[in-house]
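Descriptive analysis of the structure
Each chain is listed here by its residues.
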Amino acid sequence: MASFKVLALAALLPGVAALVQPRRLGACSFDNEPTVPSFWDESCPEDGQSLGCLADGVHAQCRFCGVGAYSKVLCPASACSFDNPPHLPYYWDE
């Protein structure tokens, strides 16, 4: 019921729709899936000149993480630690 009210409000007020829509992140597009983990990182600069960024060679925000030369780039899930890992997916959100 609450979501119906939010959508009705969004229809009445231009610009509100963008505020209530979930944020969609891009996706890496590899020709061959790498063995190194990767994720979409909005903090990568547009020129891709940061460790691990431009991992797919196409998108500056596609970033390698977690292993080898990229071990200092934390993968979203590896930044979390739990005594008992949750059953649901999780990620690091600063």
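For the structure, check the block above.
The present account deals with the structure reproduced in this document. (Residues numbered from 1 in each chain as written. Predicted model: local features only at pLDDT ≥ 70, side-chain atom pairs only at ≥ 80, totals over all residues. Heavy atoms only, no water.)

Check the secondary structure of the protein chain and you find two helices and two strands. Starting at the N terminus and walking to the C terminus, you meet the elements of the protein chain as α-α-β-β. Put simply, 31% of the contacts in the protein chain that link residues at least 6 apart link residues at least 24 apart. Element-wise, carbon and sulfur atoms account for 57% of the exposed surface of the protein chain, whose accessible area totals about 7300 Å². (Helix = DSSP H or I, 4+ residues; strand = E, 2+ residues; numbered from the N terminus. Contact = heavy atoms within 4.5 Å. Areas by Shrake-Rupley, 256 points an atom, 1.4 Å probe, with all protein chains shown as cover.)

For the rest of this paragraph, the subject is the state of the cysteines. In the structure shown here, the tally under the stated rule is three disulfides. The partner cysteine of Cys44 in its disulfide is Cys53, sulfur to sulfur 2.0 Å. Looking along the S-S bond of the Cys44-Cys53 disulfide, the torsion reads about -80°, which is the left-handed sense. By relative accessible area, which is 9% here, Cys53 ends up buried. (Disulfide = S-S within 2.5 Å. Buried < 20%, exposed > 50% of the residue type's maximum accessible area, 1.4 Å probe, protein only.)

Turning next to the side chain of Gln61. Mapped onto the elements of the fold, Gln61 is located in the loop between β1 (38-40) and β2 (62-64). Overall, the relative accessible area of 10% leaves Gln61 in the buried class. When residues no more than four places from it in sequence are discounted, the contact partners of Gln61 are Phe39, Trp40, Asp41, Glu42, Cys44 and Glu46.

Here we take up unusual backbone geometry. Residues other than glycine seldom take positive phi values, yet Leu54 does so here, at roughly 65°. Position of Leu54 relative to the elements: it lies in the loop between β1 and β2.

The final tally for this structure, using the stated rule, is two aromatic pairs. Aromatic side chains Phe30 and Phe64 sit 6.0 Å apart centroid to centroid with 20° between the ring planes, which places their arrangement in the stacked category. In this pair, Phe30 is assigned in the loop between α2 (16-20) and β1 and Phe64 in strand β2, connecting sequence segments 34 residues apart. Each member of the pair Phe30 and Phe64 is classed as buried. Considering the side-chain rings of Phe64 and Tyr70, the 5.1 Å spacing of their centres and the 40° angle between planes classify their relative orientation as tilted. Under the relative-accessibility criterion, Phe64 is labelled buried at 14%. You can call Tyr70 partly exposed: its relative accessible area is 23%. Taken together, the ring pairs in this structure connect Phe30, Phe64 and Tyr70 into an aromatic cluster. (Phe/Tyr/Trp six-rings, centres within 6.5 Å; stacked < 30°, edge-to-face > 60°.)

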